[in-house]
Amino acid sequence: AANARVGGLLTEEELRDVAGQLGSDCAFFFSSGTALCSGRGERIAELEPLAPRQLLVFKPEQGLSTPAVYRALRLTGLSDADPEQLVDKFQRGVEQQEDYVNDLESPAFSLLPVLQELKQRLRSRLTAVMSGSGSAVVAVVVDREDLEFGRSVAEEFGVRVW
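Residues numbered from 1 in each chain as written. Predicted model: local features only at pLDDT ≥ 70, side-chain atom pairs only at ≥ 80, totals over all residues. Heavy atoms only, no water.

Asker: How should I be thinking about unusual backbone geometry in this particular structure?
Answerer: Phi is mostly negative for residues that are not glycine, and the peptide bonds are mostly trans. Cis geometry marks the peptide bond from glycine 134 to serine 135; its omega dihedral reads 5°. Tracing the backbone through its elements, the reader meets serine 135 in the loop between strand 4 (127-131) and strand 5 (136-141). (Helix = DSSP H or I, 4+ residues; strand = E, 2+ residues; numbered from the N terminus.)

This is how it looks when you write it as structure tokens:
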């Protein structure tokens, strides 16, 4: 919006470069909303929109430093899942719990163990994965019972839920 107000001084690619300087994954916000991001999050491949899903986002009061999570990341613990195969499953609507992959979970969980406990509790009924470098966990809800379960878990852990 600011760029438009000054006559479009920067191209979209230049805006993405500036966004990448603000934060590794900020360039994503120039995508259409569904994208496969790689590198530090600055390389974006636009995708067809996925089928709508109802999600709950659980956020503990404690936060995590993204640089601290990346410092704790061990390359030997990365998933060997093929991102393009995962995208294909999501686009066809046949994904399973194990297809929700986030390589930053392990280091984040080592820094904030309550995240792992929260995710494990949610996974007793729902599909759940940590978002980004933390400190939120996202769960897929299918029906009212799932929603009520999610609310009860939020209360049990004393976390905010949207």
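Asker: I tried to follow the sheet that holds strand 3 (residues 54-59) on my own but got confused; where do I start?
Answerer: Strands belonging to one sheet form pairs held by backbone hydrogen bonds; the direction of such a pair is parallel or antiparallel. Spatially, the four strands line up as an open sheet ordered 4-5-3-6, and their pairing is antiparallel. Strands at the two margins of the open sheet, each flanked by one partner only, are strand 4 and strand 6 (160-161). Pairing of strand 3 with strand 5 involves five bridges; the strand directions are antiparallel. Across the sheet, valine 57 pairs through a bridge with valine 138, a residue of strand 5. Sitting on the sheet, helix 6 (residues 113-123) is in contact with strand 3, strand 4 and strand 5, with an inclination near 5° to strand 5. Running over the sheet, helix 7 (residues 144-157) touches strand 3, strand 5 and strand 6 and is turned about 5° from strand 3. (Pairing = 2+ DSSP bridges. Contact = heavy atoms within 4.5 Å. Axes fitted to C-alpha atoms, helices over the stretch in contact; angles between N-to-C directions.)

Asker: Looking at this model, I keep getting lost on the side chain of lysine 119. Mind explaining?
Answerer: Within the secondary structure, lysine 119 is located in helix 6. You can call lysine 119 buried: its relative accessible area is 9%. Within the structure, lysine 119 has its side chain in polar contact with the side chain of glutamate 105 (distance 2.7 Å). Not counting residues within four places of it along the chain, the set of residues in contact with lysine 119 comprises Glu105, Phe109, Ala128, Val129 and Val137. (Buried < 20%, exposed > 50% of the residue type's maximum accessible area, 1.4 Å probe, protein only. Polar contact = N/O pair within 3.5 Å; in protein donor to acceptor, adjacent residues only side chain to side chain.)

Asker: I keep staring at the layout of surface pockets and nothing clicks. Help me out?
Answerer: Where empty space is left in the structure can be found by rolling a water-sized probe over the atoms. In this structure, the largest pocket occupies an estimated 2000 Å³ of space. Along the wall of the largest pocket there are 43 residues; nearest its centre are Ala35, Leu36, Cys37, Val101 and Asn102. Its residues assigned to classes, the lining of the largest pocket comprises 25 nonpolar, 13 polar and five charged. (1 Å grid on protein atoms, 1.4 Å probe; cavity = no way out; pocket = protein on both sides within 12 Å on 5 of 7 lines; lining within 4 Å. Points joined across faces, edges and corners; volume = space filled by probe spheres on them. Nonpolar A, V, L, I, M, F, W, Y, C, P; charged D, E, K, R; others polar.)

Asker: Hey, could you run me through the pairing of strand 1 (residues 35-38) in this one?
Answerer: In summary, the side chains of a regular strand alternate between the two faces of the sheet. Bridge count for strand 1 against strand 2 (residues 43-46) is four bridges, and the pairing is antiparallel. Bridge pairing links serine 38 to arginine 43 in strand 2. Connecting the antiparallel pair strand 1 and strand 2 is a turn made up of four residues, with glycine 39 showing a positive phi of about 70°.

Asker: Looking at this structure, I do not really get the pattern of salt bridges. What am I missing?
Answerer: Once their charged atoms are close, side chains differing in charge can pair, the charge on each being opposite to the other. A full pass over the atoms with the stated rule returns eight salt bridges. Two residues, arginine 121 and glutamate 156, come together in a salt bridge whose shortest N-O distance is 3.1 Å. Placement of the pair is arginine 121 in helix 6 and glutamate 156 in helix 7, with a sequence separation of 35 residues. The class of glutamate 156 is partly exposed, set by a relative accessible area of 49%. Among the charged side chains, a salt-bridge network with shared partners connects Arg125, Asp143 and Asp146. (Salt bridge = Lys/Arg side-chain N within 4 Å of Asp/Glu carboxyl O.)

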